[in-house]
Protein chains: 2
Amino acid sequence: MTTLDVPSLDPARLDTPTVGDPRLARLSLNQKTVNGWSLRRAVEGCVRHGLPALGVWREPLADVGVRDGAAMIADAGLRVSSLCRGGFFTVPAGREQERAHDDNRRALDEAASLGAPCLVLVPGGLPDGDRDLRSARSRAAEAIERLVPHALEVGVRLAIEPMHPIFAADRGVVSTLRQALDIADPMPPEAVGIVVDTFHVWWEPGVEEQIARAGDRVASYQVCEWITPLPPDALLSRGMMGDGHIDFAHLTRCVVAAGYRGDVEVEIFNADVWAADGDAVIDTVARRYAELVEPHL
Amino acid sequence: MTTLDVPSLDPARLDTPTVGDPRLARLSLNQKTVNGWSLRRAVEGCVRHGLPALGVWREPLADVGVRDGAAMIADAGLRVSSLCRGGFFTVPAGREQERAHDDNRRALDEAASLGAPCLVLVPGGLPDGDRDLRSARSRAAEAIERLVPHALEVGVRLAIEPMHPIFAADRGVVSTLRQALDIADPMPPEAVGIVVDTFHVWWEPGVEEQIARAGDRVASYQVCEWITPLPPDALLSRGMMGDGHIDFAHLTRCVVAAGYRGDVEVEIFNADVWAADGDAVIDTVARRYAELVEPHL
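Cut-offs and rules
Residues numbered from 1 in each chain as written. Chains lettered and ligands numbered in written order. Predicted model: local features only at pLDDT ≥ 70, side-chain atom pairs only at ≥ 80, totals over all residues. Pairing = 2+ DSSP bridges. Helix = DSSP H or I, 4+ residues; strand = E, 2+ residues; numbered from the N terminus. Axes fitted to C-alpha atoms, helices over the stretch in contact; angles between N-to-C directions. Contact = placed C-beta atoms within 7 Å. Expected span 1.5 Å × (residues − 1). Bend = angle between axes of the 7 residues up to and from the residue. Buried ≥ 20, exposed ≤ 12 C-beta atoms within 10 Å, placed from the backbone. Least-squares fit on C-alpha atoms with pLDDT ≥ 70 in both. pLDDT = per-residue confidence, 0-100. Parallel < 35°, antiparallel > 145°, perpendicular 65-115°, else oblique.

### Remarks on the sheet that holds strand β6 (residues 192-197) of chain B
All names here are of chain B. Within the closed barrel, the eight strands sit side by side as β1-β2-β3-β4-β5-β6-β7-β10. Their pairing is parallel. In this sheet, neighbouring strand axes are inclined to one another by 30° on average, regardless of whether the strands run parallel or antiparallel. Pairing between strand β7 (residues 218-223) and strand β10 (residues 264-266): three bridges, direction parallel. By the bridge assignment for β10, V223 is matched with V266.

### Re the sheet that holds strand β10 (residues 264-266) of chain A
All names here are of chain A. The parallel closed barrel is built from eight strands, whose spatial order is β1-β2-β3-β4-β5-β6-β7-β10. When strand polarity is set aside, the average angle formed by the axes of neighbouring strands in this sheet is 30°. Bridge count for strand β5 (residues 157-160) against strand β6 (residues 192-197) is three bridges, and the pairing is parallel. Residue pairing in the sheet places A159 in a bridge with G193 of β6. The sheet contacts of helix α4 (residues 95-114) involve β2 (53-57), β3 (79-87) and β4 (118-122), and relative to β3 the element is tilted by about 175°.

### Here we look at unusual backbone geometry
Residue and element names in this part refer to chain A. Of note, the amide linkage connecting T228 to P229 takes the cis form, showing an omega dihedral of -10°. By the element assignment, P229 lies in the loop between β8 (225-226) and β9 (238-239). Backbone geometry places F88, a non-glycine residue, at a positive phi of 50°. Assignment of secondary structure puts F88 in the loop between β3 and α4.

### Some thoughts on helix α5 (residues 133-154) of chain A
Residue and element names in this part refer to chain A. Given a rise of 1.5 Å per residue, 22 residues ought to cover 32 Å, and the 31 Å separating the end C-alpha atoms of α5 matches this to within 8%. The largest bend in α5 comes to about 40°, at V148, with the proline P149 one to four residues further on. The set of residues buried in α5 consists of L133, A136, R137, R139, A140, A141, A143, I144, L147 and A151. Looking at the buried side of α5, the elements it contacts are α4, β4, β5, α6 (177-184) and β6. One or two steps after α5, the chain reaches G155, where phi turns positive at roughly 75°.

### Structural notes on the relation of the copies chain B and chain A
For the match of chain B to chain A, the screw axis carries a shift of 0.0 Å, the RMSD comes to 0.0 Å, and the turn is 180°. Taken together, the rotation and translation relating the two chain copies correspond to the operation of a two-fold axis. Proximity to the rotation axis, assessed at the C-alpha, singles out P232 of chain B in chain B; its C-alpha lies 2.0 Å from the axis. Interface overlap between copies: 100% of the residues of chain B at the interface are likewise at the interface in chain A, consistent with a symmetric, same-surface contact.

### A look at the confidence of the model for chain A
Residues and elements named next belong to chain A. Confidence in the prediction of chain A, expressed as mean pLDDT, is 95, and 95% of residues score 70 or more. Low pLDDT, under 50, characterises residues 5-9; the stretch is placed with six contacts to residues that sit more than four places away or in other chains. With a pTM of 0.95, the predicted complex shows an ipTM of 0.94.

### Some thoughts on the packing of helix α1 (residues 39-49) of chain B against helix α3 (residues 66-75) of chain B
Residue and element names in this part refer to chain B. Put simply, α1 and α3 touch, their axes get as near as 10 Å, and they point 10° apart. In this view, α1 runs roughly parallel relative to α3, as classed from their interaxial angle. Counting all contacts with α1, which are made through L39, R40 and V43, the residues of α3 involved are G69, M72 and I73.

So, in C-alpha cells, the structure goes:
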C-alpha cells in the first residue's frame, strides 16, 4: 500500500523540505507523479514546493504547445530533467516503423526546445499476435541506432529505459540494464544513454556491476518503489519511496559512483497517488526523497 | 484472458488427445493446475485423460500421507515428474534457517519416496522489512549448497526455479536462468539442476544461451503462459498455453536441444482455471499441449 501521509497527523512533516532547502537541489518532479495536473499546474507546484526541475511528458506539453511550454518552464526558473517519451518502435517494418521514426525525431526536437538533456525511450512491446521477442528487440536496437545522427545534431541524448519484465510483452522489450547497455555499446555515449529507474531494475542480478559499467551512459536516474502486494493494475503498480522493498541508499550510491551528477526524478504511476491532492503528494515525495535518497547523493 | 474452451462448441475438441495417444507420452499434470482436487482426484484425472505423469505438491500429499500417496500414484501406473516444493530459505540465520533446512531435507526424503527425479526449489523472498537483496540471494545459494549431500544420498536433484522478477520481493529472489546457473555452477549436476518454467523465463534476454548452457542441468520443464492484461492477483497471473505471448515452439526446441528428455509439466496458477471443471481443464491442457508443445519435443 502506498502511504500518503496525512500532514496533520505526521510528526515527520515538520521535516518536509520546502523552498530553499538545499536537500531539494537535485529533485525533479516527473509529471506522471501528479498525473491529473496540467503542465502549468506542475510548473507552479514545483515552484511552490521548491523543486528545481521537472520531468516533462509530451502529451501535456502538446496541450500548451512546445514553444509556450518551454517558455513557461524557463520563466519559472526550472530545469527540464528529461522528456518522456520516445520509443515504441517494435512495430513491424514499413509505414508504422517510418511513423515511429518520424515521431521520435520530433520528440528529439521537442526535447531540444526544452533544453532537456535526454529523451526517455520506452522500447515498446510485442506487436499483436507476435511472439518473436528476439526480433522485436532487434527492431528496437535498429530504431535507436537510426536516431543517433539526429540526436547528435540536436544535442539530446537518447535514454534507453530498461523496463521491468512485467512489461516485456506489452510495453518494453528491453528488460535489463545489461541488455540496454549491450544495445548502447556500439553507439556513441553522447548520443545514447540509459535510464536507471529503481522500479524497473532493482531486482536485476548484478545491477551494481551494470550501473558501474554504464558509467557516463547513465542519462537519467528515476526513483520509485516496488510494493507488495502488487496493485491490481500492473501499469499503476509503482509505490512511494519507503513503502516497499527497494534499497534506495544502495542504488543511489551505485549511480553516484558511476559518475551521475544530474537530477533525480520521482516518477510514480499509482492510482492512489493520482487520486490524492497533488500538493500533499509533492510534500510526501520531498520528505521521502530527503530521507531515503538525498543523503546518498 | 484465459480461454477455457467449451467442449461442445469447440471443433478442435475433436482433436483432444485421450488415453493411449502417443502425443501425451511426456505430459505431466502439475497438481496446481487442478488446485481444488485432492491427490486421489488428480491421480484419477491423469488416468482418465491418459496423462502418464503427475507433478506432486507436498500439502495434498501430506493429506493422505507420503507412503499412501506414493502407493496410490504407483498403483495407478503414473510417474512423478517433480515434487513441489522446497526452498524458502532466505530467512535470517538461526532457528528459522535451521527449520527451513530440516524441512527441505524432509522434502528430499518425500521426493525419494515418490521416485520423483527432482525437488523444485522456490528460493523465497525478502524477509519482512529487509531490503538487502544480495544477502538474501547469498543465503539462498548457501542453503542449496548445504542440501547437496542429502540430495546425493537420496538420489533426488535439487531444481532451482528462477522466478519472474514480479516475485523477487516476496517469493523468489533468484530471478533469471543465468543467476540460477551461476549458483549451480560449483555444485555437482547430479545434485543441483534448474527449472525452465516458460512463465518465469520467457522474457530473459539470452534465454536461448542460458538453456544451452544449462545442458543436463535442466531438471524440469514447466509450461504455462504469460497473458495480458495481467490478472489482478500477481500470484494467479499465469495463463493457458496459447492465450498469451510466449513462443512455446521456440523454448521447447531450446530445451530439447539442451538434451532434456523428461516430462513436461503444465502448471497454471489462475483463478479462472481453478474455478473451472477439472476435467475440462485437463482437456484444454492436453489439446493445447498437443498443438503448441509436443510437436517440438
